[in-house]
Structures are given as C-alpha cells and as structure tokens.
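So you can see what is in the structure, the chains are spelled out below.
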Amino acid sequence: MSNLSDSENNKLDPDRWIDLYADYLFNYTTSRIDDIEQAKDIVQETFLAALKAMKNYRGEASERTWLVSILKRKIIDQYRKMNSKKGKAEIRVSFYEEGGKKGKWLEECVPQSWGNEAEIEFETQELGVALNKCLEALPDKYKAVFKMKTIDNIETEEICNELNITASNLWVIIHRARLQLRKCMEESWFKK
Amino acid sequence: MSRKLMIDCNEASTICDKSQYNEANGWEKFKLRIHLFLCKKCSMYSEQNKLMTRIFCEHLLNHPDHIHLPENVKDDFKSKLKKQVN
C-alpha cells in the first residue's frame with residue numbers, strides 16, 4: 001500500500017500498524033479507561049479513523065505520535081459519554097457545602113501527618129497495587145478529570161469544553177479527587 | 001480571583017491544586033506562600049499534595065500493565081482495516 005503523505009520525513013504504513021502499535025495503544029488506553037472491552041473498541045476505532053485521516057498526515061510527527069493524537073480524541077469522546085450518562089448536576093457545588101465553616105477545612109478532611117513520607121519507596125509493586133486501588137475507588141468523573149490533568153496534561157479549557165463544566169467546577173473535582181486519593185493512601189499506605 | 005493578600009484555606013487549597021499543574025499565576029503563588037507560612041494544615045496539605053502528584057504521575061506513566069492484545073483480536077483489527085481499505 002502506498003502512503004499518501006507528501007512529506008519526506010515520516011511515512012504511514014497501515015499494513016504494519018496493528019503489529020507495531022496495537023499493544024502500545026491498548027496499554028495507553030487501559031491506563032485511562034478501566035473497561036477492557038471499551039478499550040479494545042477505542043483502539044479499533046482509532047485505527048479506522050486513522051485510515052480515513054491519512055490524507056491529513058503531514059509527516060511532522062512520527063507515525064506513533066500521530067496515532068496517539070487520534071487515540072486521545074477517542075478517549076476524550078469516551079470520557080464525555082461517561083460524563084453525560086452520569087448527569088451534570090452533581091458537581092455544581094462548592095467545597096464546603098456540608099455545613100462547614102466557610103473557607104475552613106472540614107473536620108474529616110483536615111490533613112493528618114503521615115510521618116513516613118520521606119521513607120516512601122517508589123516503584124514497589126505493593127505501592128502500585130495501593131495506588132490502583134485508590135484510583136479505582138474514585139467516582140468515574142473524578143477519575144477521568146484527574147487522569148486527564150495528571151497524566152495527559154490536557155489544557156483546563158479543553159477539558160471544560162469537552163465535559164461542559166466550568167473551570168471552577170474542574171478545580172472542585174480535582175480537589176475532591178485529591179482529597180479522596182489522599183485519604184485512601186493515608187489509610188492503606190502511609191498509616192501502616 | 002480576589003485581589004486580597006490574605007486568603008482562606010479554601011482558596012489556598014485551590015491554588016495549591018492548580019500549582020500541581022503549573023496553572024497558578026504569580027500573584028496566586030505569592031498569596032499561597034504567605035498563607036502556607038501562617039497555616040499549618042494547608043502547609044501539610046501542600047507538601048502531601050506534591051507527593052501525591054509525584055507518586056500518581058510516576059505510577060500512571062511508568063506502570064501501564066503491559067497487557068498484550070490477543071492475536072485473534074489483532075487479526076480481527078487487521079481484517080477490519082483491510083475491509084475499509086478495499
């Protein structure tokens with residue numbers, strides 16, 4: 001199959017896509033979308049969309065980077081679907097709606113000293129398990145926004161547009177996700 | 001964002017979260033620094049928040065579970081791609 005790019009730099013070769021990139025794209029997706037079946041579908045859709053978009057490829061990015069950029073759009077679409085299913089009302093609230101004193105830490109959210117932050121060993125398998133457990137316990141929307149910001153570095157404005165939320169909603173979600181993750185890690189890891 | 005120099009814990013924690021993504025501006029960071037100097041709780045939150053960013057970021061980026069797609073799934077992808085080409 002001939003490539004349709006005019007560029008001398010990078011070429012597209014769809015015949016090799018599956019062998020070269022399917023695993024990579026699948027792992028990229030499963031670290032962002034929990035459902036394995038959904039992840040498979042998203043990867044498949046990405047390849048099909050890429051095929052259609054080949055004429056737009058300018059050869060500036062590598063083949064893999066280009067495929068990942070298409071995959072990212074698909075993942076955001078999936079996040080948006082999850083978002084519309086859950087309804088939007090739940091996040092239109094502020095930090096301290098539960099009768100807490102305005103601007104002060106709520107009793108149950110007050111940060112506790114962990115005492116052993118300095119000793120934390122990175123890259124251990126047990127830590128990975130604990131982190132995954134805490135991530136999985138997050139509500140879908142918090143998890144989606146947290147991952148989009150933390151690992152994909154997607155612009156706040158873009159996330160807000162895609163999910164139809166305001167910037168202050170987004171920061172409330174991030175704050176709550178972080179509070180919950182912190183509490184979870186405190187119980188399962190730091191206080192051990 | 002208010003022009004007041006003194007901020008409450010609510011605003012402090014928001015700025016702290018924003019700065020985890022390099023999205024706090026200079027004035028916000030300055031107000032946060034002053035608040036952290038005076039507030040032990042937020043100061044602890046801020047330190048732990050940095051650690052949280054580090055461990056979750058490293059974890060999510062470096063430890064994808066490296067699952068291989070089964071060959072039959074890949075074959076299925078291939079035949080679908082072919083179908084679309086032809």
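The structure we're discussing is the one just above.
The paragraphs below set out a description of the structure included in this document. (Residues numbered from 1 in each chain as written. Chains lettered and ligands numbered in written order. Predicted model: local features only at pLDDT ≥ 70, side-chain atom pairs only at ≥ 80, totals over all residues.)

1. Thoughts on the interface of chain B and chain A
Put simply, an interface is often sized by how much accessible area is lost when its parts join up. Contact residues are listed per partner, giving 39 residues for chain B and 39 residues for chain A. Sorting the residues of the side of chain B that touches chain A by element identifies helix H1 (9-19), helix H3 (40-62) and helix H4 (71-85) of chain B as the ones contributing at least two each. For the side of chain B that touches chain A, the element with the most residues is H3(B), which contributes 15 residues. Here the side of chain B that touches chain A is composed, by residue class, of 18 nonpolar, 11 polar and 10 charged. (Contact = placed C-beta atoms within 7 Å. Helix = DSSP H or I, 4+ residues; strand = E, 2+ residues; numbered from the N terminus. Nonpolar A, V, L, I, M, F, W, Y, C, P; charged D, E, K, R; others polar.)

2. Description of the nonpolar core
Core analysis: the largest hydrophobic core is formed by 44 residues, its most contacted members being Ala22(A), Leu25(A), Val43(A), Val145(A), Ile173(A), Ile174(A) and Ala177(A). For this core, the secondary-structure elements that each account for two or more residues are helix H1 (14-30), helix H2 (36-52), helix H3 (63-86), helix H4 (125-137), helix H5 (140-150), helix H6 (156-163) and helix H7 (167-190) of chain A together with H3 of chain B. Looking at which element gives the most residues to this core, the answer is H7(A), with 8 residues. Listed in part, the 11 residues of the second largest apolar core include Trp105(A), Ile7(B), Cys9(B) and Ala12(B). (Core = buried A, V, L, I, M, F, W, Y, C linked by C-beta atoms within 7 Å. Buried ≥ 20, exposed ≤ 12 C-beta atoms within 10 Å, placed from the backbone.)

3. Structural notes on the packing of H4(A) against H7(A)
Residues and elements named next belong to chain A. Running from N to C, H4 and H7 point in directions that differ by 140 degrees, and their axes come no closer than 9 Å. Relative to H7, H4 is oriented oblique. In this structure, H4 meets H7 at a crossing whose hand is right-handed. Between H4 and H7, the residues in contact are Leu127, Ala130, Lys133, Cys134 and Ala137 and Leu181, Cys184, Met185, Ser188 and Trp189, respectively. Looking at side-chain class alone, the contact of H4 with H7 contains 8 nonpolar, 1 polar and 1 charged residues. (Axes fitted to C-alpha atoms, helices over the stretch in contact; angles between N-to-C directions. Parallel < 35°, antiparallel > 145°, perpendicular 65-115°, else oblique. Left-handed = near helix turned anticlockwise from the far one by under 90°.)

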